[in-house]
Amino acid sequence: MRPMVYLDGRIVPAGEAMVSVYDHGLLYGDGVFEGIRVYHGRVFRLEQHIRRLYRSARAIMLDIPLTPSELIDATLATLRAGECTDGYIRLIVTRGVGDLGLDPGKCPKASIIIICDGISLYPAELYERGLEVITCATRRTPPTSLDPSVKSLNYLNNILAKIEVKRAGLLEGIMLNSEGYVAEATGDNVFVVSEGQLLTPPTHCGILVGVTRDAVMELARREGIEVQERVLTPVDLYAADECFLTGTAAEVIAVVKIDGRVIGDGAPGPVTKRLRVAFHALTETEGVPIYPEGAAGSSG
Ligand code: PMP
């Protein structure tokens, strides 16, 4: 595969895609985005990601200058141009080019950028062993300031938490909301298994409603596991039988230590493993095909 970029109607090799220094996405983080996976020639849950993108855009009063189906077509065309059958799509809509002031009204047209590239994953052994994490001092932005359910280009809140995580010598951390309840990881959603139930914080705790989170909740219910959205405290995490994170890049990964407390028996638990297997099976079968059935280059 070759990394390719769609930029406002043109598809070019990644190294040739250039944006203006006056783009408000760059100047102010004014825009929205999605991260999407491609597995075996199919785009996983593309419609859900597109729906979330338009929802985020509506929340910040950003008009996306393509319809959802045009955006899907542009995404698939970019994947085909790079012959990408396994990888990662970063879909970005910025406020576009304006002047140096904040006023979004000075930006006549939003810019659409679709990057199709490879993906860097956690090392395989971490999926076997599980992650150690901390709870971060940086609290998730309250919905009254910037609702975390809006996937905006303004990720400094998460980046500040990520800096804490890195300074602790770790790879991921859990963010609490301003009331001290569990929200989510810096780039993933959080689940625990407690007394046989699968629990995850509800939307009102201030989270991004993850596409992987939805898929895992669906899979768990299909497997006969009871799932509940419940407000969780850090102690609920420490006392859980199992804990795991979900996200487009991470998929399903166990957490085995939080703030020095060993979770369960310190290894990925049976429910986590089952859901990881079920999630993989879903990625093998579900998704929007890049090449329509029977077309040349189809990967099936
Ligand atoms: N929370 C945050 C803050 C995220 O950025 C992401 C996406 N990386 C997630 C959760 C997981 O969402 P999804 O499963 O849709 O990738």
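Residues numbered from 1 in each chain as written. Predicted model: local features only at pLDDT ≥ 70, side-chain atom pairs only at ≥ 80, totals over all residues. Heavy atoms only, no water.

Caption draft 1: Representation of the pattern of salt bridges. With the rule as written, the count across this model stands at twelve salt bridges. Note that arginine 140 and glutamate 184 form a salt bridge whose closest N and O atoms lie 2.5 Å from each other. Residue arginine 140 is found in the loop between β7 (131-135) and α5 (156-167), and its partner glutamate 184 is found in strand β9 (residues 182-185); the two are separated by 44 residues along the sequence. Comparing arginine 140 with glutamate 184 shows no difference in burial state: the two are buried. Residues participating in the shared-partner salt-bridge network are Arg45, Glu218, Arg222 and Glu286. (Salt bridge = Lys/Arg side-chain N within 4 Å of Asp/Glu carboxyl O. Helix = DSSP H or I, 4+ residues; strand = E, 2+ residues; numbered from the N terminus. Buried < 20%, exposed > 50% of the residue type's maximum accessible area, 1.4 Å probe, protein only.)

Caption draft 2: Structural view of a nonpolar patch on the surface. On the surface, Val21, Tyr22, Leu26, Val97 and Leu100 cluster together into a nonpolar patch covering about 500 Å² of accessible area. Among the structural elements, leucine 26 can be located in helix α1 (residues 24-28). Residue leucine 26 is classed as exposed on the basis of its relative accessible area of 57%. (Patch = residues over 30% accessible without salt bridge, like charges linked within 9 Å, V, L, I, M, F, W, Y side chains within 5 Å. Areas by Shrake-Rupley, 256 points an atom, 1.4 Å probe, with all protein chains shown as cover.)

Caption draft 3: Representation of helix α3 (residues 68-81) within the structure. Relative to the 20 Å expected for 14 residues at 1.5 Å per residue, α3 spans 20 Å between its end C-alpha atoms, a close match to the ideal helical length. The set of residues buried in α3 consists of Leu71, Ile72, Ala74, Thr75, Leu76, Thr78 and Leu79. Just downstream of α3, glutamate 83 is the residue with a positive phi angle, here 50 degrees. (Expected span 1.5 Å × (residues − 1).)

Caption draft 4: Focus on the site of the ligand. Around the ligand, 17 residues are found, and the nearest of them are Tyr155, Glu184, Val211, Thr212 and Thr248. Measuring from an oxygen atom of the ligand, one finds a side-chain N or O atom of lysine 151 at 3.2 Å. At a separation of 2.5 Å, an oxygen atom of the ligand approaches a polar side-chain atom of tyrosine 155. Coverage of the ligand by the protein chains reaches 92% of its 390 Å² of free accessible surface. (Near = heavy atom within 4 Å. Polar contact = N/O pair within 3.5 Å; in protein donor to acceptor, adjacent residues only side chain to side chain.)

Caption draft 5: Summary view of the domain arrangement of the chain. Domain boundaries assigned for the chain yield domain 1 (4-117) and domain 2 (124-283). Put simply, the middle of domain 1 and the middle of domain 2, counted by C-alpha atoms, are 26 Å apart. Between domain 1 and domain 2, the residue contacts involve 26 residues of the former and 20 residues of the latter. Interface area, domain 1 with domain 2, both sides summed: about 1,800 Å², of which 60% is carbon and sulfur. In terms of surface lost to domain 2, no three residues of domain 1 exceed Phe33, Arg45 and Arg52, which account for 33% of the buried area on that side. Joining domain 1 to domain 2, the criterion identifies two salt bridges. Ionic pairing is found between arginine 37 and glutamate 251, a salt bridge with its closest N-O pair at 3.2 Å. Where domain 1 meets domain 2, there are ten residue pairs in polar contact (both at pLDDT 80 or more). Residue assignment for the side of domain 1 that touches domain 2 shows that the elements contributing at least two residues are α1, β3 (31-39), α2 (46-59) and β5 (87-94). Of the residues forming the side of domain 1 that touches domain 2, the biggest block, eight residues, is contributed by β3. Residues that form the side of domain 1 that touches domain 2 fall into these classes: eleven nonpolar, nine polar and six charged. (Domains from an automatic or database assignment. Contact = heavy atoms within 4.5 Å. Buried area = accessible area lost by both parts, 1.4 Å probe. Nonpolar A, V, L, I, M, F, W, Y, C, P; charged D, E, K, R; others polar.)

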